[in-house]
Every structure is written in structure tokens, then in C-alpha cells.
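Here are the chains, one letter per residue:
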Amino acid sequence: MRPRHPAPRPSPAPPPPPALRASGPARAAGPAHAARASTPRAARPARARAAWTLAALLSAAPACRAGAAASPGAPAPETLRPLPDRIDGSTLLGRDAQRAAQAGAGPLRVIGADMVSDGDRLGAFVEVPAGECMLAMARVSPTIGDVDLFAFEDDGSAFSTDEAADARASILVCPPHPRRLYVMARVMSGAGAVSVGVQGVPVQAADAVARAVGARGRAGDESGRLESWPGLEAKVRAHRGAVGARWEDVRRVALPVGSRTASRIGATLDGGRCVDVLVSPSDEVASLEVVAEDETGRIVARARERGQDRVLLLCSTISIELSIAVRSRGTQGLVAVVIGRSQPGAEAEISGATPIDRVTEGRDLAEVRADHGRALAGRGYGAPRVSTGAARLGSRTTLPIELPAGCARIDVLAGRPLADVLAELWSDAHALLGRARGGARATLFACGSGGPARIDVESMAQPGPFAVEVRKEPKAPPALVAHPLAAARLLGRMSAAGLADAAAAAGAQAVALDASRLKILPLQIPANTCAEVIAALDAGGAGVDLRLVDTSTGESSLARARHVVSDSRCAGASPVPASIELRLADGKGEALVLTRTSARSPSP
């Protein structure tokens, strides 16, 4: 008989590891505890091991979620968190900003930098000092193929743009300009980083800075959107060659137009200057209506037709803000709008065959005369001889006057509603002594032996009263007395840029010109000085070219006009050796050539 062995006593279950130890609330005795008490002893070890295993797993679950307790001295665990880092815009702009600074620009100011893609925009408002230029640049990472750059006015109109198909966009905005502009870059192709920055530029350094970074916005530049406009540049050159004078581009934009509402672009007309507007439509635009409006919305001029193109030429003695409104008659499309600005007083250089719209404010004749008398006070003039009359449209009003010996100033002053007047001065031998046209005032000069003469006055718009005031000039330079017609043209050109008298032209020299020969005169421009050269033809010749050449570098500028022409050139820290080249287009004759210098404006 086999001996009976006692049942083996179950060994106690091992305690759980410390890291997995549960720390729950104490369990109270209840039915579950009573059930365990009645369980057979043989099943207890297996059930105990299963319970401890389950407890270990349940204890490990929250530990995995929260992370195991770090041992002392271990590094803190890394967590996901946003960073305050920003793109360093100066990295993309730095190289070109340095080039601009070496050419005379101020420090770089980054106005925005971000990651962008097709169609995204980035920009900010910039305040630009009135007498300073602004260079704006947009530079991108290699993953962006094309970016455009704009400078908007507060009304939303584009003041300057660079819309060339290029990954480098730059514009240079120079006076006159709005006080505040919104500079914005727009990505046209690609995705990546873009940075927009601005730099202040002294007016005198504008050309050098534009060349250094390839900025648009200077004279002769296009916005880039017009680069592929067929024949536009040739059309602009031919148009301005026919108009005469010298022009500086202030706006070149492609403007979408439709028939329902007019598209508008702003233009500033400074007192003593003229503005030339050429609007050229694309092939899909059949006909256009173009008008110039003042700040109140009043139409001050309507564009004239030149084939499919429209042209406007406006001159003013007062400063005024204009809006050029363009509307298509029928189809939608694009038009190229090119706006040029003349030099001060350049109206005298414009071809006589070119129609000019004059912008002026109508005032009573007594008020006009009183203001004019105050402007001439203290300049050495005596009391004027006064004649009055009424100008009519389509006919001339003739008044006899007596000219003093030497030089005389003759002012034709218009009272409302007369606002555009043409005046011609004739000698008693029926020789033309001078011609002038203006808004509230037209000024002529006469130099010679004096005597009886007559003046013809004609209204070019609305009829109205006028007064003729004749004053004797305190001084009469001999060269002016010997060449009366050239003297009248020279003094008229000087007066158009501001009040001038015969004494200011004492340095004029008489030069013989021939269409078959080139006349060269030496010119030395002192350091930090600008030299202006004015050439006025006497009787016998027509059409004069003036070219100023920097003989040290070969750089030159060219200006053309029918009877009087002017140009200027400046020197920096060192004197500039230069020459004056004069060429007559037709005939033979003499000209009065005046060179006057002025201090170059200091950099802001």
C-alpha cells in the first residue's frame, strides 16, 4: 500500500517589482473575499500568480502613458513645442543691400520675411520723406522662380511696379511721391522664402543706386510688364521727339480697362512743370476715352487722338493732383500708360505745333494784378504802364504799347473766366519780338532800342478780361540788346522756371551756328555743383540739339527743341570736365548760350 503523502504546501507568491507596485486604496472585506476563502487550497497558487501578473500589467499601463520615472541626474524628456524663431530677411537681401549702400543708399530695413507659395503676398506700409527716394527690393530663395513688387498709394492705385518675369524685383521711387506707400511682394511662380526690404536713397544718388541693383522706376525704365509690349519704346521716343523738351518718366504701367467703369491712375502736376501722358491700347481694345480730372472730379482736359493712341499734355503754374481716367468703348483689355514730367520752365521748349492744356485757378483780374505786384516788389522795377482789354475766342485783341530802350518785361494777366491766353509782341516794322502762352499769366521780354509796338492777345478757351503791364528792366546786358529775339526766348525760358530778370542773363554769349557744322564749347563743372545750359536761337535758324558730355567718362545727355533748349549736369565731390555741343537742324543763325551754376543739394 502506497504511503499517503501530505499535499504540498503552496509557496508564498513573490512580491511585485518596485517599479510596478500598485498603490491603490485598501480593499475592504466583502463577498469577493469570502469567495476566495472557500476556494480549495490546490487552486490558490495558480490563481495568485495570475492575479499578480494582471496587477503588474495594469500598473504598467499608466506608467507607459506618463513615462517611466527618471532616475536622478537623467536629462529631461523632449516634448513637442512651437518656436518663436523667424526668417532672417537680411540673409536674402544682404548682398544687394550692400551694393546699394556702396552706391549711396541708407541702411536696410526689412519690412517682411516669410515662407510663401504661388499667389501669396507680403508687404507693409512705409513712410517716405518728401525729399528722398526709396529703394524697395524683394529677394527669394532658389525655389521661387518669379516675384513681382508693387508700391501702392492709399487709394489702392499702383504708384510703381516691377512685374518682370524674374526672381529679383526692385523699384526706386523718387520725388514727387506720396508720403506713405504700401510696399508689397507677390509670388508668381514657386514656393519658398521671400524677404522684402527698403532703403532710403538721396536724390543725387538715385541713378547710381538704380544701376547697382537693377531697380526700375528711373527715367526710361518700364515696370517689366511692358517689356514685351510691341513697339512701345519706339512709340514713346517718336512722340516725345515731336513734342520737344526733355522728359523724365514717372509712371509706366499696364492698366486693365473696361467699358463699364473707368480705370484711374494718379499723377502730380507741379507748378512750373508739364506732364505728358501717352496711352497705347493692346490689340483687343478698339477705342479709348481718356480724360484728366482734378481732385474734385472735374474734367480739366480730354486726350487727343493719335491713331489708336491717346495723348495729353498739361502745364500749370500751380501744383495740383490729377487723376488720369481711361475707359474702353466696348471691349476689355490692357493699355500701356506712360507719364512723363518736364523740367521746371520747360514749356518754352515744347514745339509750337503741340497742343497744351493749361491747368490754372480762375481769379478776378484785380486779385491777379495785386498778387503779381507783390511778387515783383523789391526787384528794382518801377511803376508799370498798364493797358486793359477783353480777349475773345477765335479773334485777336490788339493793344498799342510803348517799349523802353534796353530790356522790358511785359506781363499779360488774365482774369476769370479767361484761363488760357496767347500773346504775341510785334515791332512797328512788323517783326515778331516774342510769343508767350499761359494760364493766369503770360510773360514776354523785349530787348532793343525801344519805341512803339503792338501786342496781340487771343483767348484759347474762354473769353475774359486781361491787363498788359510793361516794366523796364533795371539792367540791359549788351548781348541781349543785340539779339532781341534770342533774348526774348532766353528770358522767357528763365522766367518760366521762376521769377527772372535781364540781369540774371548777363553771362550769355552769342554763338554762330550752322546746320553743316558742330559747335563745341568747353564747360568745367566745380565740385558739388550743378551746371544748367540754356541755348536760345535768334532769327534765321530752326531746330537746335544740345548735348552735354562728360569728357572724363564719355557719358552724355541730349535735348532737342525748336527755338530754345536746356539741359543740366552735376558734379560730385570732384570737378567734372565737360563740353557743350550745339547743332542746328536747319539754316544758319546765332544763338545766345547761358551757363549758370548752383550748389548741389546736400544728401538727406
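Note that this is a predicted model, so its numbers are computed, not measured.

The sheet built from 4 strands is open, its strands ordered S2-S7-S4-S5 with antiparallel pairing. Looking at strand neighbours, the two that pair on one side only are strand S2 (121–127) and strand S5 (158–162), the edges of this open sheet. Here the average twist between neighbouring strands, direction ignored, is 20 degrees. Both S2 and strand S7 (residues 180–190) contribute to a ladder of 7 bridges, which runs antiparallel. Residue Ala124 lies in a different strand from S7, and its bridge partner there is Val183.

A residue-level look at the protein chain finds 85% of positions with pLDDT of 70 or above and a mean pLDDT of 83. Considering only residues more than four positions removed or in separate chains, one finds that residues 1–48, a stretch of pLDDT under 50, has 13 contacts. Long-range and interchain partners of residues 50–69, a stretch whose pLDDT sits below 50, account for 8 contacts in this model, where long-range means more than four residues apart.

According to the stated counting rule, one finds 41 salt bridges in the structure shown. With a closest N to O distance of 2.9 Å, Glu469 and Arg471 form a salt bridge. We note that Glu469, like Arg471, is buried. Asp514 is the salt-bridge partner of Lys588, the closest N and O atoms lying 3.8 Å from each other. With a gap of 74 residues between them, Lys588 in strand S33 (residues 576–599) and Asp514 in strand S27 (residues 509–514) connect regions that are remote in the sequence. The class of Lys588 is exposed, set by a relative accessible area of 59%.

What follows deals with the state of the cysteines. Evaluated as defined, the whole model comprises 4 disulfides. Linked covalently through their sulfurs, Cys133 and Cys174 form a disulfide whose S-S length is 2.1 Å. Taking the torsion about the S-S bond as the criterion, the Cys133 to Cys174 disulfide, at about 110 degrees, is right-handed. In this pair, Cys133 is assigned in strand S3 (residues 132–140) and Cys174 in the loop between strand S6 (168–173) and S7, connecting sequence segments 41 residues apart.

Attention now goes to the nonpolar core. Core analysis: the largest hydrophobic core is formed by 25 residues, its most contacted members being Leu312, Ile324, Val326 and Val337. Among the secondary structure elements, those contributing two or more residues to this core are strand S9 (247–257), strand S10 (263–269), strand S11 (273–281), strand S12 (288–293), strand S15 (309–316), strand S16 (320–328) and strand S17 (333–342). The element best represented in this core is S16, accounting for 4 residues. Excluding its chain neighbours within four sequence positions, the residues that come into contact with Val337 are Arg251, Arg252, Val253, Leu255, Ile265, Val277, Leu278 and Val279.

Conventions used here
- Residues numbered from 1 in each chain as written.
- Predicted model: local features only at pLDDT ≥ 70, side-chain atom pairs only at ≥ 80, totals over all residues.
- Heavy atoms only, no water.
- Pairing = 2+ DSSP bridges.
- Helix = DSSP H or I, 4+ residues; strand = E, 2+ residues; numbered from the N terminus.
- Axes fitted to C-alpha atoms, helices over the stretch in contact; angles between N-to-C directions.
- pLDDT = per-residue confidence, 0-100.
- Contact = heavy atoms within 4.5 Å.
- Salt bridge = Lys/Arg side-chain N within 4 Å of Asp/Glu carboxyl O.
- Buried < 20%, exposed > 50% of the residue type's maximum accessible area, 1.4 Å probe, protein only.
- Disulfide = S-S within 2.5 Å.
- Core = buried A, V, L, I, M, F, W, Y, C linked by side-chain atoms within 4.5 Å.

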